[in-house]
Amino acid sequence: MEKIICTGCGITIQSKDKMKDGYVPSHIYEDFKSLKRTPLCQRCFRIRNYQEYVSNDIKGDDYIKVLSTINATDSLIVLIVDIFDFSGSFLPNIKRITGQNDIILAANKVDLLPQSVNREKILNWINMMLKEEGLNVLDSILISSKKNIYVDDLLELIQKYKNGRDVYIVGSSNVGKSKLVNQILKRFEGTDREALTVSYAPNTTLSFIGFPMNDGTTIYDTPGVLNRHQYLRYLTKKSLKLVVPQKEIKAIVYQLECDQTLFIGGLARFDFLSGANGGRNNVTLYFSNNLAIHRTKLENADNLYNTKLYTLLTPPFSSKENLPKFAMSEFHIRDTEKYDIVISGLGFITLRAPFHVKVYAPVMVGIYLRKAII
Ligand SMILES: Nc1nc2c(ncn2[C@@H]2O[C@H](COP(=O)(O)OP(=O)(O)OP(=O)(O)O)[C@@H](O)[C@H]2O)c(=O)[nH]1
Ligand SMILES: [Mg+2]
């Protein structure tokens, strides 16, 4: 019998096992067979109609094998990263997946950054990070799939480089691949239809889903790998809602004395040891505006963390969230430039050198210094 594929997530539709992916009740299955309706599996139906957070077993690592079949194709790869979580969303096995194929890098979710950011500076930072990762790309671009920003420019790049090849949209789970493919399809179809299921739970797309383009080639949405570096892997829905900004971030300025500490929820700690002005120093925080920031004296910081994590310092809300222990990065900068200290997946802190600070974040999280982008 011919396989019926869910048009939301790519899984094969079945009516035998409620607990397994692709399930639909048998009467709906019969309908699908006669193709009276566009097939959607029950999970996609629930996500779309009830905005449910339906997280299935995390199978992130399994997808590397599936995705690696792309390296045997002759295609153009659009690699998506989350600009807010560069290290977390950067696929560590990317070369195994892409092989010798050409790559365009699209850094998504740029709508979350304050509008005053300097795009050139972010792109320079991305290119530096790519060099560090040893990855050559044809071009890189900042986009927002959700807000439809620079999606046309990305399409132009795709047209420029594709040379009659199929296009694969790849990247970690939750970076916005399906949202992007939906935006592209809307342009081709001239409709408002959200073809693919989009959700903030991990592993929404379960298989390759191809759509024919008007030039005889195919564009594929693919399942996302869930990295060990992504908060998504550890935090519950409640915490994620606070950590992941839902809209443009607004800056919050603190005037810090030497030996003061800021806690970003219970997710990161920033020790300000000394700065340019001896006394008060402006430090600007760019984090989800739903996260509570707590200021304390450095000498009280350990005690506060040990006694108030999960109660005052939240998220995380309990040890069940299983977040890895803090690791510390120290920055002692002596020039007079303005810098961002990026805590990947969480946000960044801007301050002018000279300064001496220590930053603590879960060990899997990337902490980077870059020239300020604002
Ligand atoms: N702010 C913002 N959110 C976005 C953007 N693009 C996608 N999202 C959100 O990110 C989440 C994941 O989007 P998806 O398109 O499902 O991500 P995916 O990469 O297909 O995820 P998997 O199928 O799990 O691999 C959803 O909550 C989207 O609404 C964007 O440009 N800006
Ligand atoms: Mg998807």
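Our structure is the block above this text.
Residues numbered from 1 in each chain as written. Chains lettered and ligands numbered in written order. Predicted model: local features only at pLDDT ≥ 70, side-chain atom pairs only at ≥ 80, totals over all residues. Heavy atoms only, no water.

Caption draft 1: Seen up close, the site of ligand 1. Surveying the vicinity of ligand 1 reveals 22 residues, the closest of which are Asp-111, Ser-173, Lys-177, Thr-204 and Thr-205. Contact distances for ligand 1 include 2.9 Å between an oxygen atom and a backbone N or O atom of Lys-179. Within the backbone of Gly-224, one N or O atom sits 3.1 Å away from an oxygen atom of ligand 1. For ligand 1, whose accessible area on its own is 650 Å², the fraction buried by protein is 93%. The dominant element in the shell around ligand 1, judged by the number of residues it contributes, is helix α8 (residues 177–189), at three residues. Looking at side-chain class alone, the shell around ligand 1 contains four nonpolar, 13 polar and five charged residues. (Near = heavy atom within 4 Å. Polar contact = N/O pair within 3.5 Å; in protein donor to acceptor, adjacent residues only side chain to side chain. Areas by Shrake-Rupley, 256 points an atom, 1.4 Å probe, with all protein chains shown as cover. Helix = DSSP H or I, 4+ residues; strand = E, 2+ residues; numbered from the N terminus. Nonpolar A, V, L, I, M, F, W, Y, C, P; charged D, E, K, R; others polar.)

Caption draft 2: Layout of the sheet that holds strand β14 (residues 347–352). One open sheet holds the five strands; their spatial order is β7-β10-β14-β13-β16, and the pairing between them is antiparallel. This sheet does not close on itself; its edge strands, each paired only once, are β7 (252–256) and β16 (367–371). Strand after strand, the sheet turns through a mean of 25° between neighbouring axes, direction not considered. Direction of pairing for strand β13 (residues 338–343) relative to β16: antiparallel, over a ladder of five bridges. Its bridge partner being in β16, Val-342 is matched across the sheet by Tyr-368. (Pairing = 2+ DSSP bridges. Axes fitted to C-alpha atoms, helices over the stretch in contact; angles between N-to-C directions.)

Caption draft 3: Highlighting the side chain of Lys-177. Residue position: Lys-177 is located in helix α8. The buried charged residue Lys-177 lacks any salt bridge partner; its closest oppositely charged side chain belongs to Asp-221, at an N-O distance of 5.7 Å. Lys-177 has contacts with Ile-80, Ile-169, Val-170, Gly-171, Ser-172, Asp-221, Thr-222, Pro-223 and Gly-224, leaving out every residue within four places of it along the chain. (Buried < 20%, exposed > 50% of the residue type's maximum accessible area, 1.4 Å probe, protein only. Lys, Arg positive; Asp, Glu negative; His and termini not counted. Salt bridge = Lys/Arg side-chain N within 4 Å of Asp/Glu carboxyl O. Contact = heavy atoms within 4.5 Å.)

Caption draft 4: Molecular detail of the coordination of the magnesium ion (ligand 2). The protein atoms that coordinate the magnesium ion (ligand 2) are Ser-178 (OG) and Thr-205 (OG1), at distances spanning 2.0 to 2.1 Å. You can see Ser-178 sitting in helix α8 and its partner Thr-205 sitting in the loop between α8 and β5 (209–212), a full 27 residues away along the chain. (Donors = N, O, S within 2.8 Å, 3.2 Å for Na, K, Ca; no water.)

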